Amino acid sequence: MSLQSGLDAFQQGRYQEAVYILEEFSENSLELNSPDYLTAQMWLMKAYQKTGETEQARIIWQKLINSDNQQVREWAEQDRPLFSSAQSKMPKAGRAATVGMHLAMGGVGGSLALASGVTIALLFGMVFVLGLSLVLITNSSDPVTGLAIAIGITLVFNLAAFFLSPFLMDLSQSWLYQTRWVNLAEIEHLSPETGKIIREVCQQKNITTPRLGIIDDQNPTAFTYGSLPNSARLVVSQGLFTYLDDDEVATVYAHELGHIVHWDFAVMTVASTLVQICYLVYSTARRFTRGGGDNKLKDALQTASMVAYIFYIIGTYLLLYLSRTREYFADHFAAETTGNPNGLSRALVKIAYGIVEEGSRSQEPSRLIEGTRALGIYDHKAAASTGTAYRIASDPQKIGRVFLWDMFNPWGWWMELNSTHPLTGKRVRALSTYAEQLGLPTEFDMGKVIGEGKTLNKSKLYGNFFLDVVLYGAETIGFFLGLIIGVFMLSTSSNPGLIIGAPFIGLGMGILVKAFVMFPDYSKAAPTDILTLMSDPYASPLRGQPAMLQGELIGRGDSGYKFGSDLKLQDPSGMLYLHYASRFGPIGNFLFGMKRVQSLLGQQVRTAGWFRRGIMPWMDLIQLEGESGTIVNSYHRFWSFVLGGGSIILGIVLIGFLSSR
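Conventions used here
Residues numbered from 1 in each chain as written. Predicted model: local features only at pLDDT ≥ 70, side-chain atom pairs only at ≥ 80, totals over all residues. Heavy atoms only, no water. Helix = DSSP H or I, 4+ residues; strand = E, 2+ residues; numbered from the N terminus. Buried < 20%, exposed > 50% of the residue type's maximum accessible area, 1.4 Å probe, protein only. Contact = heavy atoms within 4.5 Å. Areas by Shrake-Rupley, 256 points an atom, 1.4 Å probe, with all protein chains shown as cover. Salt bridge = Lys/Arg side-chain N within 4 Å of Asp/Glu carboxyl O. Phe/Tyr/Trp six-rings, centres within 6.5 Å; stacked < 30°, edge-to-face > 60°. Lys NZ or Arg CZ within 6 Å of the ring centre and 35° of its normal. Patch = residues over 30% accessible without salt bridge, like charges linked within 9 Å, V, L, I, M, F, W, Y side chains within 5 Å. Pairing = 2+ DSSP bridges. Axes fitted to C-alpha atoms, helices over the stretch in contact; angles between N-to-C directions. Core = buried A, V, L, I, M, F, W, Y, C linked by side-chain atoms within 4.5 Å. Polar contact = N/O pair within 3.5 Å; in protein donor to acceptor, adjacent residues only side chain to side chain. Parallel < 35°, antiparallel > 145°, perpendicular 65-115°, else oblique. Left-handed = near helix turned anticlockwise from the far one by under 90°.

Caption draft 1: Spotlight on the overall build of the chain. Summing up its helical and strand segments, the chain has 29 helices and 11 strands in all. When the 661 residues of the chain are sorted by exposure, 53% land in the buried category. Across the chain, contacts joining residues at least 24 apart in sequence account for 71% of those joining residues at least 6 apart. Only carbon and sulfur atoms are counted for the fraction: they give 61% of the accessible area of the chain, which is about 29,700 Å².

Listed below in structure tokens is the structure:
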């Protein structure tokens, strides 16, 4: 597709065709500051306006108005009245007339002080015990000296991490993302309300204005880090100003300022370091125990290694809990500071939309979004469902329906345990309670969502969940059941093969049962769309839902991996990852990613697969048929059937072989 053909289509009034051509040209452009690319973007914005896609036009205008090219900025400036006065896609529910009003949290997120204190105390104790045990092992003749050295090791590690980590982060920010440090005046130019919020919060809380950074990336995100409030860094991406309105940007900055005021980054820096020390002790002790020999020192180191790993696992979950708690309190701080909880609800949804939108324009996931997952205001893995809903629905009720899974599916609670952020539905629900306290209509009718959630079939929700949990361990359960049956049958039979073969038969049956549940019959899979699948409150990460989708393959699903075999499918309602599996295992996946994926990108395809929902929804691919007649088959069940069937046959052979002896 040439630039001139897109311009010709626009001039001749073929606006939809112009959109298609100019989008293709822009996606294939390698230099994003070239005159041709900027020209394509300018006319694409006009084409979107002509086809009524005002939100898409506004997003491109935001990029052009912040372009490094002065002529492009001047050209975009002519349309400022149009886009500045235009309403967002989502109708706004309003904000409080005054700010600073105390808002009750009603138990949301628990106690930040308690969570921080308990987590740090437990983690510090773990590291202290590990340091003490290792020192006493190597210096057992002088326990008092060992105790002093252990305390010193713990303090040195933590103090070094506390004060040096911000500078190390600065270096990594500059190297990985080319962070541009700016003054408050530039932020105020991009978002006037944000400048006002920063000044007010810093003055009221008596803290220094954070060092402000902008990353030239259109994926919307924001994060803060540092060691002390007066030396904090607050960094956002350019995409935040592209996808969010002024008041929404201000609530995001207020959220990050909440982290600074609460010392969250400092607590998380120390806690993260303590967890990593546990892992360091584990890996170091394990390395010293390799090789032959049996002595007291080696036994002690093995014990220390095992304890360190247990502490590492516990510490990781404590850290995740602390991270989720601080997000709730930062949301609360933003709501009180701006008097605009609805603005933050809207911002969270639009950030998800921006992540999905940018993901649909890139053939590889964003390194920025992947790299700052734990730091950012939003977990990008949870963006797909919310962002997809916003992309096609201007009705907040339709968007709110995707929150049913977050709030009522037991898998949501289970998955959240492994997440740095609360599920979006729970955050929006908390923000809605703050809006109600301020006497405001809520952005999303969470009362209606909760009402619909109460009508869900609880036995289906929880019955499926507990059955799925059991099925996760089907192979192990089958093996031990087979062993028990073999022992029981051995008491009535003289065949020693029973106690050996029966466990293999049980193992194979467990594998097959799990496979049939995970990959049910897909012959009657119904055509559907991505948003419908994501709105299903009963969806499971284990129990696959057969479905057929049509759309365009827009890129790979593996972050930073040029030979990745997973794909991204785009249909009119959203984007979904397709997981491919070769009959030849990882080698087959690699060869498929290296040789075939690139030729499939950009094609309109029909797909069949099993939809699954976790923090991030995906589909295990069965078959993909391209517009050129290309057919790709995926074999997720293949190895389950081979291993399950092979295990059963092996068990039968062992029983028969040993019975004849």
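There's more to say after this.
Caption draft 2: Structural detail: the pattern of salt bridges. For the coordinates displayed, the defined rule picks out 18 salt bridges. Across the pair Arg211 and Asp170 runs a salt bridge whose closest N-O atoms are separated by 3.6 Å. Of this pair, Arg211 sits in strand E2 (residues 211-215) while Asp170 sits in helix H8 (residues 143-177); the two residues are 41 residues apart in sequence, bridging distant segments of the chain. Shared partners join several salt bridges into a network, and the residues in it are Asp245, Asp247, Glu248, Arg346 and Lys350.

Caption draft 3: Structural context of the packing of aromatic side chains. Summed over the entire model, instances satisfying the criterion amount to 15 aromatic pairs. Ring centres 5.4 Å apart and planes at 45 degrees place the aromatic pair Phe516 and Phe641 in the tilted group. One end of the pair, Phe516, is in helix H25 (residues 497-518); the other, Phe641, is in helix H29 (residues 638-659), and 125 residues separate them in sequence. Relative to Phe638, the ring of Tyr635 lies with its centre 6.5 Å away and its plane at 75 degrees, an arrangement referred to as edge-to-face. On the accessibility criterion, Tyr635 (26% relative accessible area) is partly exposed. The structure contains a cluster of three or more aromatic residues connected by ring pairs, namely Trp411, Phe465, Phe466 and Tyr472. Positioned over the ring face of Tyr538 is Lys460, at 4.2 Å from the centre of the ring. Here the basic side chain of Arg583 rests over the ring of Tyr635, its NZ or CZ set 4.4 Å away from the ring centre.

Caption draft 4: Broad picture of a nonpolar patch on the surface. There is a patch of nonpolar side chains on the surface, built from Val470, Ile477, Leu481, Ile484, Ile485, Phe488 and Met489 and spanning about 680 Å² of accessible area. Per element, the largest residue contribution to the nonpolar patch is six residues, and it comes from helix H24 (residues 474-490). Examined against the element boundaries, Ile484 turns out to sit in helix H24. Using a relative accessible area of 56% as the deciding quantity, one classes Ile484 as exposed.

Caption draft 5: Fine view of the sheet that holds E2. Read from one edge to the other, the open sheet built from four strands follows the order E1-E2-E4-E3, with strand pairing classed as mixed. The open sheet is flanked by strand E1 (180-182) and strand E3 (222-225), the only strands paired with a single partner. The average angle at which neighbouring strand axes cross in this sheet is 30 degrees, direction not considered. Bridge count for E1 against E2 is three bridges, and the pairing is antiparallel. Paired with Trp181 across the two strands is Gly213, which belongs to E2. Lying over the sheet, helix H12 (residues 246-261) contacts E3 and strand E4 (233-237), oriented at roughly 20 degrees with respect to E3.

Caption draft 6: Local environment of the pairing of strand E8 (residues 574-579). Most of E8 sits out of view: five of its six residues are buried. Bridge analysis of strand E7 (residues 567-571) against E8 gives five bridges, and the strand direction is antiparallel. Looking at the pairing, Leu569 lines up with Leu576 of E8. A loop of two residues connects E7 with E8, the two strands running antiparallel in sequence. Relative to strand E10 (residues 618-626), E8 runs parallel, the two being bridged by three bridges. When the bridges of E10 are listed, Tyr577 appears paired with Trp618.

Caption draft 7: Expanded view of the nonpolar core. Counting 100 residues, the largest nonpolar core has Leu240, Tyr253, Tyr378 and Leu624 as the members making the most contacts within it. Ranked by residues supplied to this core, first place goes to helix H15 (residues 341-361) with eight residues. If we ignore the near neighbours within four places in the chain, the residues touching Leu240 are Pro220, Thr221, Ala222, Val249, Val252, Tyr253 and Ile351. Val19, Ile21, Phe25 and Ile60 belong to the second largest nonpolar core, which has 24 residues in total.

Caption draft 8: Just the environment of Tyr538, in detail. Relative to the elements of secondary structure, Tyr538 occurs in the loop between helix H26 (530-534) and strand E6 (545-556). By relative accessible area, which is 23% here, Tyr538 ends up partly exposed. Each C-alpha atom of the pair Tyr538 and Phe465 lies 9.4 Å from the other, and the pair is 73 residues apart in sequence. At a separation of 2.9 Å, a polar atom in the side chain of Tyr538 contacts the main-chain amide nitrogen of Asn457.

Caption draft 9: Looking closely at unusual backbone geometry. Within the chain, Asn206 stands out as a residue other than glycine whose phi angle is a positive 55 degrees. Looking at the element boundaries, Asn206 is found in the loop between helix H10 (192-204) and E2. Of note in this structure, Trp263 is not a glycine but carries a positive phi near 60 degrees.

Caption draft 10: Quick look at the packing of helix H1 (residues 3-11) against helix H3 (residues 35-50). In the contact formed by H1 and H3, the axes pass within 10 Å of each other and the chain directions differ by 25 degrees. Between H1 and H3, the crossing angle belongs to the class labelled roughly parallel. Here H1 runs over H3; the crossing is left-handed. Side by side, H1 and H3 meet where Leu3, Leu7, Phe10 and Gln11 of the first sit next to Asp36, Thr39, Ala40, Trp43, Lys46, Ala47 and Lys50 of the second.

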